[in-house]
Amino acid sequence: MQLTSFNLFPELVTFHSDQLIVTKKHAVYYEECGNPDGFPVVFLHGGPGSGCNPSQRRFFDPSFYRIILLDQRGCGRSTPLGCIEENDTDALVSDIEALKQHLGINKWLVFGGSWGSTLALAYAIAHPNSVSGLILRGIFLSRPSELDWFLGEVKSFYPESWEKLLSFLPIDEQSSPLKAYGSRVFSDDISIAGPAALTWNAFESSIMSLLPRVSSSENTTPVEIEVARARVQIHYILNQCFVGHRDLLIEARSLRHIPTTIIQGRYDMVCPPISAWELKKAMPHATLSIIPDAGHSAMETGVTSALVEATEAVRISHQ
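What this report covers is the structure whose coordinates are included nearby. Along each chain, the written sequence defines residue order, and numbers are assigned to residues from 1. A pLDDT threshold of at least 70 governs which residues receive local features in this predicted model, and a stricter bar of 80 or more applies before side-chain atom pairs are shown or counted, although totals over entire chains, interfaces and linings include all residues. The basis for the side-chain values is all heavy atoms of the structure; hydrogens and waters are excluded.

## Looking at the pairing of strand 7 (residues 260-265)
As a reminder of what qualifies: Think of it in three bands: with a 1.4 Å probe and only protein chains considered, a residue is buried below 20% of the maximum accessible area for its type, exposed above 50%, and partly exposed in between. What counts as a helix is a DSSP run of H or I of at least four residues, what counts as a strand is a run of E of at least two, and both are numbered from the N terminus. We call two strands paired when DSSP finds no fewer than two bridges between them.
Here strand 7 lies mainly inside the structure; five of its six residues are buried. Inspection of the sheet shows strand 6 (residues 131-137) paired to strand 7 by four bridges, in the parallel sense. What sits directly across from L136, in strand 7, is I262. Alignment of strand 7 against strand 8 (residues 287-291), held across five bridges, turns out to be parallel. Within strand 8, the position partnered with G265 by the bridge is I291.

## Examining helix 9 (residues 274-282)
Turn by turn, an α-helix covers 3.6 residues, leaving residues three or four places apart pointing in a common direction. Under the convention used in this document: The directions considered for the arc run from the helix axis to the C-beta atoms.
Within helix 9, the full set of buried residues consists of S275, A276, L279 and A282. The buried residues of helix 9 occupy one face: seen down the axis, they fall within an arc of 120 degrees.

## A closer look at the pattern of salt bridges
Test applied: Here, a salt bridge means any Lys or Arg side-chain nitrogen found within 4 Å of an Asp or Glu carboxyl oxygen.
By the definition in use, this model includes 14 salt bridges. Salt-bridge contacts for E31 lead to R77; the nearest nitrogen and oxygen are separated by 3.4 Å. Of the two residues, E31 sits in strand 2 (residues 27-34) while R77 sits in the loop between strand 4 (65-70) and helix 1 (89-102), which places them 46 residues apart along the sequence. The shortest N-O distance in the salt bridge between E251 and R246 comes to 2.6 Å. One continuous salt-bridge network, built from bridges that share partners, spans E31, R57, D71 and R77.

## With respect to the sheet that holds strand 1 (residues 14-21)
Selection rule: Orientation is described by axes fitted as lines to C-alpha atoms, over the contacting stretch for helices, and by angles from 0 to 180 degrees between their N-to-C directions. The contact criterion used throughout is that any non-hydrogen atoms of two residues lie within 4.5 Å.
Sheet architecture is open: eight strands sit in the order 1-2-4-3-5-6-7-8, paired in mixed fashion. At either end of the open sheet lies a strand with only one pairing partner, and these are strand 1 and strand 8. Strand-to-strand, the axes of this sheet are offset by a mean angle of 20 degrees, without reference to chain direction. Bridging between strand 3 (residues 39-44) and strand 5 (residues 108-113) involves four bridges; their strand directions are parallel. When the sheet's bridge partners are listed, V41 is paired in strand 5 with L109. Sheet strands touched by helix 10 (residues 301-317): strand 3, strand 4, strand 5, strand 6, strand 7 and strand 8. Its angle to strand 6, the strand with the most contacts, is close to 170 degrees.

Here is the structure:
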């Protein structure tokens, strides 16, 4: 059987963006593009801490979808940037539902990758009647075994990346890199927090794709954004992403009525495929596609194609 290849849709501009005040402290940035009267879909970014970018609008047919992206608390264009107070998974789930109600949406397709897949599952479990379907990529369930992989066992495949992460630290701190980086990125001194955040964030970037990604230019991301991303991510990891006490696999069994597509890179070194496999076992009705020549990134050809194919399948089923 010949496989069909799908490309990203053309670049899009937003028709609306704003800040939704969710607490006295936090305001969440969101944007809309595509068809204002279209089928609603919400994009949940990864990280935790990453924020959204314009390329993520392009997984969806803009003539059919009302495409909604939001920056989670403390991320991207949400304020205050990098704030970890009142910032946990339950709060993010509450924000997603608040945004849905603010926009006058009854149900929406929920699209999330990596940490976004954790958040999508947590949201669907809490608000099943708000979800018309799930498209999940690079499954992460925030289990201790997954965190141990990311901050230790992955060195078996990426020893040079792991060594670079550790070599930033004094020898006497290298046995506890999460704690050591946390003490630096939360410093009020940007000359301490900035280099630590850049090194921390570069570690994950270096293990994202099956083949190395060639960068033609230096990182132009403002250091404040880099620090905010590292602060939010380390805050969540230190707390097992605030779902470590839960068994999302057991809870996901309640979602059997929600159409679900799971897409996973075979050689994903950030979120190994065992989690996607076990989620499929917990949700037998779900469709699981393991992409044979891909790692973790949504922008690898096979993963991108599978994600667009999934959004197109939803479009076709609703026309």
